[in-house]
Amino acid sequence: MPIVVKNLTYKYMRRTPFEQEALSDVCLEIADGEFVGIIGRTGSGKSTLVQHFNGLLKPDEGSVTIDGLSATGSGLKELRRKVGVVFQFPEYQLFEETVYKDIAYGISKLGLDGAELDRRVRKAAGAVGISGAMLQKSPFELSGGQKRRAAIAGIFVMEPKFLVMDEPGSGLDPAGREEIFAYVSKLHRDFGVSVILVSHNMEDVARYAERVIVMSDGRIAMDGAPRSVFRRIDELEGMGLRPPDVLYFIRALKSLLPGIDDGILTVGQAAAELEKWLAPALARVPARAPMASAVTAQALARASVASAAVVAPASAPASEAPASAQASASAQASAKGGAGAG
Amino acid sequence: MNQNISLGQYFPGNSLVHRIDPRTKIIVSLSYMAVVLAAGSPLEFALLAAFAACAVAASGVPASMVLRSVKPIIPLIVFAGAINVFFAKGRPIFRLWVIAPTYEGCALALMMSARISLILIGGSAMMIFTTTPILLTDGVERLLKPLKRLRVPVHELAMMMTIALRFIPTLMEEADKIIKAQASRGADFNEGKLLDRARSFIPIIIPLFVSAFRRADELANAMEARCYRGDEGRTRMRELRMTRLDAMAFAAFGLCAALFALLKLGRAWWGA
């Protein structure tokens, strides 16, 4: 059973002069097994919305139903077992003597113990890259990134059916981010866990989400497949958002190659599309031996050089030069940033 | 969660009362409280209530909000009132075994409730609702300055008070966040025996303390980075200045106090 939100309105500081409407008349349905990205500028109501999913906030108007359970009803415990929420900066919720105990906190509250508890704790710890030796340390001895991983493991261990993550990657190094997202994708793919990812990082959302919801001023402004949402660059910018750089790159290229697919979301897709388009021209560019880890970035760089090579002689130099300069400049940026994004 | 606590909450505005110098407000409301303690007849209470009502009206703070500040201490009023009603000496209203409420007791209870409410309303309307905590501590610091001669670290105490006040909402927000996070992990704060319940707060208290210490550290660094080194040679962004408004406030209160004294004298005269 899905998450159903009907006409949800929520106000902060109700009945005081500071009253502020955080959500107004939000209607939303999230099916089982979906991977949804929620984006929006700070204060657009994303976090407020997801806090309704496990009954931390109660709607002022409207209703929220998860798996047939009302988020206002008495089944809160049941609801929170089903819906795991990883908050922003979850490392500040650590409190136990050892990392092991902290990860186990949630499931020991559910009455698990013994071998089953041990198995689940170790599995969750493994998923976020926390080694056996680290489990016996105090959580306060860990580094910031390790703390974050331990805290995320504390949610994974509950094995929720719906996983809500509010900015899980911020402040993590690229490798740590990659690791956590890899595990979340696996949960999603292999176990049908619904994932709701709240993030400012458009690259992450573009890469993992199957559906993107854009919040603006407490309302849902857009809702659809990433391809169709991210294509509306100007509208998104108007809401204080910035789609992944690669979309700007494609848009810049579009004036040169009008037939190019502009529903591209990742560096990898862009490289593939460009290779397809520029296969003949590529043959003219001397190929260096590509490094295994940077294949797509290299391909992208090659392709953009090739596209410049194709366009530059053919087009009127005065009008087209800035466009192609911009294109290759952003190609460089993407090549740098996307090296690991195979 | 803590949205409904109105005691100790600044109500933004630019009314007459808001613009009065915090020192004036502190002096007037403390004196007002002293006068309230001295009141003993219905007429005197009526006079003081009228003054409080004028102050509230002039402050632009909704009366309902001011009244709400009395709410947390209603149990105290009821409890103390009940004790007075049953244990004060005097003419009994009726007698049931040892239970004998007296007329004098009722009068005492009423008076005490009026006293507590007036002190709270007067204090909150005149000071807390209309003065930002920062201005309030500024005022306290200025008023206590003479004590510095006696080696009382007035500035440091005021600074501590400012910081404490400043961090109450921050820590409340933090506590709220931690409570939510732990609740999401299945924490339950209202179930089980007393000991279990006490234990269930550990997951909140520990992270809260950790973050409070972290914040204290960061704040200390930030202060040192801006060359904070105590009171010496420190200038202020807001200079406190008395204006005509303050003269008016003192005059209004003086008038009220004079009337009060007349009533008191009159009662002594007629009563004698």
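Residues numbered from 1 in each chain as written. Chains lettered and ligands numbered in written order. Predicted model: local features only at pLDDT ≥ 70, side-chain atom pairs only at ≥ 80, totals over all residues. Heavy atoms only, no water.

Re the nonpolar core
Residues and elements named next belong to chain A. Note the following rule: Side-chain atoms within 4.5 Å link the members of a nonpolar core, which is a set of buried Ala, Val, Leu, Ile, Met, Phe, Trp, Tyr and Cys residues. To sort residues, take the accessible area from a 1.4 Å probe on protein chains only and compare it with the maximum for the residue type: under 20% means buried, over 50% means exposed, and anything in between is partly exposed. The split of the chain into domains comes from an automatic or database domain assignment. Any pair of residues with heavy atoms lying within 4.5 Å of one another is described as a contacting pair.
Membership of the largest hydrophobic core comes to 66 residues, with the highest contact counts inside it found for Ile103, Phe156, Leu163, Met165, Val214 and Phe230. Looking at which domains feed residues into this core, each of domain 1 (3-238) and domain 2 (245-337) supplies at least three. Excluding its chain neighbours within four sequence positions, the residues that come into contact with Phe156 are Ala124, Ala127, Val128, Leu163, Met165, Tyr183, Val184 and Leu187. One finds Ala22, Val26, Val64 and Leu79 within the second-largest nonpolar core, a separate group that totals 39 residues.

Description of the pairing of strand β7 (residues 162-166) of chain A
Residues and elements named next belong to chain A. To keep it simple, the criterion reads: A run of DSSP states H or I qualifies as a helix once it reaches four residues; a run of E qualifies as a strand once it reaches two. Both are numbered from the N-terminal end. DSSP calls a pair of strands paired once it identifies at least 2 bridges connecting them.
Of all five residues making up β7, five are buried, and the element is well covered by its neighbours. Every second residue of β7 is oriented toward a common face, with Phe162, Val164 and Asp166 on one face and Leu163 and Met165 on the other, all of them buried. Across four bridges, strand β6 (residues 83-86) lies against β7 in parallel orientation. Residue pairing across strands places Val85 opposite Val164, the latter belonging to β7.

Description of the confidence of the model for chain A
Regions with low pLDDT should not have their predicted coordinates read in detail. Residues and elements named next belong to chain A. Selection rule: Residue-level confidence of the predictor is what pLDDT reports, using numbers from 0 through 100.
Mean pLDDT for chain A: 82, with 83% of residues reaching 70 or above. Here helix α14 (residues 317-337) is the element of chain A with the lowest mean pLDDT, 45, and strand β3 (residues 35-39) is the one with the highest, 95. In this model, residues 314-342 is a region of pLDDT below 50 whose contacts with residues beyond four sequence positions or in other chains number 20 contacts.

Looking at the sheet that holds strand β5 (residues 69-70) of chain A
Residues and elements named next belong to chain A. Here four strands make up an open sheet; going across it, the order is β2-β1-β4-β5 and the pairing antiparallel. In this open sheet, the two edge strands, each paired with only one partner strand, are β2 (20-30) and β5. Two strands pair when backbone bridges link them, and strand β1 (residues 3-12) and strand β4 (residues 61-66) are joined in this way by five bridges, in the antiparallel orientation. Within β4, the residue paired with Val4 across the bridge is Thr65.

Regarding the interface of chain B and chain A
Think of interface size as the accessible area that goes away when the parts come together; that is how it is often given. Operational definition: A simple way to read buried area is as the amount of 1.4 Å-probe accessible surface that goes missing from two parts once joined, with both sides added. One speaks of a salt bridge when a side-chain nitrogen belonging to Lys or Arg is within 4 Å of a carboxyl oxygen belonging to Asp or Glu. Pairs of N or O atoms within 3.5 Å make up the polar contacts considered here, provided that, within protein, one atom can donate a hydrogen while the other can accept it, and that residues adjacent in sequence are counted only when both atoms are side-chain atoms.
Chain B puts 23 residues into the contact, and the matching count from chain A is 27 residues. Across the interface of chain B and chain A, roughly 2200 Å² is buried in total on both sides, 59% from carbon and sulfur atoms. Applying the counting rule to chain B against chain A returns one salt bridge. Note that B:Arg185 is salt-bridged to A:Asp102, the shortest N-O span being 3.1 Å. If you look at where chain B meets chain A, you find four residue pairs in polar contact (both at pLDDT 80 or more). Breaking the side of chain B that touches chain A down by element, the ones donating at least two residues are α4 (63-68), α8 (154-184) and α10 (202-225) of chain B.

Considerations on the pairing of strand β8 (residues 194-198) of chain A
All names here are of chain A. Quick reminder of the rule: When the strands point away from the viewer, a crossover counts as right-handed if the route from the first strand across the helix to the second turns clockwise.
Across the five residues of β8, five count as buried, placing the element largely inside the fold. The pairing of β7 with β8 spans five bridges and is classified as parallel. Across the sheet, residue Leu163 finds its bridge partner in β8, namely Val195. Considered for its hand, the β-α-β crossover made up of β7, helix α7 (residues 174-191) and β8 is right-handed.

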